[in-house]
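Fold and contact review
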Amino acid sequence: MRRLVMWDIDYTLLRGGGVTTMAWKAAFAAVTGGVAWRATPNFGGRTDMDVCAEVFATHGVTDCTPERFFVRYVAEIDRIKHLFAEQGELMPGVRAVLARLGDEPSVVQTLVTGNVPEVAAAKVAAFGLSDSFDAEVGGYGTDDSVRATLVRRSLERAEAKYGERFQPVVIGDTEHDVTAALANGAFAVAVATGRTKMADLVLAGAHAVLPDLSDVEATVRILTADGLTTDEGRAGIAAG
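Notes on the structure follow. Computed from a predicted structure; not experimentally measured. (Residues numbered from 1 in each chain as written. Predicted model: local features only at pLDDT ≥ 70, side-chain atom pairs only at ≥ 80, totals over all residues. Heavy atoms only, no water.)

A few words on the pairing of strand β6 (residues 187-191). Consecutive side chains along a regular strand alternate between the two faces of the sheet. Of all 5 residues in β6, 5 are buried, a share of seventy percent or more. Burial of β6 is two-sided: the residues F187, V189 and V191 facing one way and the residues A188 and A190 facing the other way are all buried. Read from strand β5 (residues 166-172) through helix α8 (residues 175-183) to β6, the crossover connection turns out right-handed. With 3 bridges joining them, β6 and strand β7 (residues 208-210) adopt parallel strand pairing. Counterpart to A190 in the pairing with β7 is V209. (Buried < 20%, exposed > 50% of the residue type's maximum accessible area, 1.4 Å probe, protein only. Helix = DSSP H or I, 4+ residues; strand = E, 2+ residues; numbered from the N terminus. Right-handed = clockwise from strand over helix to strand, strands pointing away. Pairing = 2+ DSSP bridges.)

This next bit is on the packing of aromatic side chains. Overall, the coordinates contain 9 aromatic pairs when judged by the stated rule. When the ring of W24 is compared with that of F70, the centres are 6.5 Å apart and the planes differ by 85°; the resulting orientation is edge-to-face. Of this pair, W24 sits in helix α1 (residues 19-32) while F70 is found in helix α3 (residues 66-80), placing the two residues 46 residues apart along the sequence. Each of the two residues, W24 as well as F70, counts as buried. With 5.6 Å between their ring centres and 75° between their planes, Y162 and F166 make a pair best called edge-to-face. The rings of W24, F43, F56, F69, F70 and Y73 are connected pair by pair, giving a single aromatic cluster. Across the ring face of Y162, the terminal group of R2 is positioned such that the distance to the ring centre comes to 5.3 Å. (Phe/Tyr/Trp six-rings, centres within 6.5 Å; stacked < 30°, edge-to-face > 60°. Lys NZ or Arg CZ within 6 Å of the ring centre and 35° of its normal.)

With that out of the way, let us pick up the packing of helix α5 (residues 94-102) against helix α10 (residues 216-224). Two numbers describe how α5 lies on α10: the axes approach to 10 Å, and their chain directions differ by 45°. Classified by the interaxial angle, the pair formed by α5 and α10 is oblique. Along this stretch, α5 crosses α10, giving a crossing that reads as right-handed. Between α5 and α10, the residues in contact are A96, V97, R100 and L101 and V216, E217, T219, V220, L223 and T224, respectively. A breakdown of the residues in the contact of α5 with α10 according to their chemical character gives 6 nonpolar, 2 polar and 2 charged. (Axes fitted to C-alpha atoms, helices over the stretch in contact; angles between N-to-C directions. Parallel < 35°, antiparallel > 145°, perpendicular 65-115°, else oblique. Left-handed = near helix turned anticlockwise from the far one by under 90°. Contact = heavy atoms within 4.5 Å. Nonpolar A, V, L, I, M, F, W, Y, C, P; charged D, E, K, R; others polar.)

Right, let's talk about the packing of α1 against α3 for a bit. At a minimum axis distance of 8 Å, the contact between α1 and α3 shows a crossing angle of 130°. Between α1 and α3, the angle falls in the class oblique. When you trace α1 past α3, the crossing you get is right-handed. Of α3, the residues touching α1 (which contributes V19, T20, M22, A23, W24, A26, A27, F28, A30 and V31) are R68, F69, F70, R72, Y73, E76, I77 and I80.

Core analysis: the largest hydrophobic core is formed by 52 residues, its most contacted members being W7, L13, F69 and Y73. Take this core: its biggest share by element is 6 residues, from α1. Non-local contacts of F69, meaning those with residues more than four positions away in its chain, are made with W24, A27, F28, V31, C52, F56 and C64. Within the second largest apolar cluster, 22 residues are counted, among which are L150, V151, F166 and V209. (Core = buried A, V, L, I, M, F, W, Y, C linked by side-chain atoms within 4.5 Å.)

The end-to-end C-alpha distance of helix α7 (residues 147-162) is 23 Å, a good match for the 22 Å that 16 residues give at a rise of 1.5 Å each. Within α7, the full set of buried residues consists of R147, A148, T149, L150, V151, S154, L155 and A158. Where α7 is buried, its residues meet β1 (2-7), β4 (107-111), β5 and α8. Where α7 ends, the next residue or the one after it, G163, has phi of about 65°, a positive value. (Expected span 1.5 Å × (residues − 1).)

Here you go:
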């Protein structure tokens, strides 16, 4: 059975340098007629649908739909997307790991991210990563407000497109990524390159936890190993 490796984007593959927050604020001001931005939500591991609901509630906005907001948000991202590469950076080891997995015929790589599809595409394109992923079978922040649903949708899309079953693997940097993976019976690999500590990722139930992806051989081995059990994954982490 081939493996579907589902990559989170923010703080797993790359750091966006605050560009999305800039776009959120600009889009919010535009669709609300200048309502003052009072609080920036915690975006980590959440879907854009979920964050949008919080932003609207926090600011008392009742006359705007998420769909209308996202149209403006995508336009703002398109206007400043060059800043991703200028202000952001790739996480350690990412380019090498993606290249190695791309050479594995048993692996299909895609994106499962809280970002809306257009923003996800802009972020990976900024660092020349687009060709690493079959974005068509990804799961995105407009699919649902619950992250676990994104994993399920991605798996369904991959199996429909390729006409075969896949073993799902989710890799991300937050407890939300881990719990979404576990809810779908996926192998959960976590990286401590965001704000979540390794110990908390282990407690969330991740099968494997890495400090980052700089040990390319170890990362590829974990993501492609056949029959890797939960205990083996955690033992490998403790040694790392």
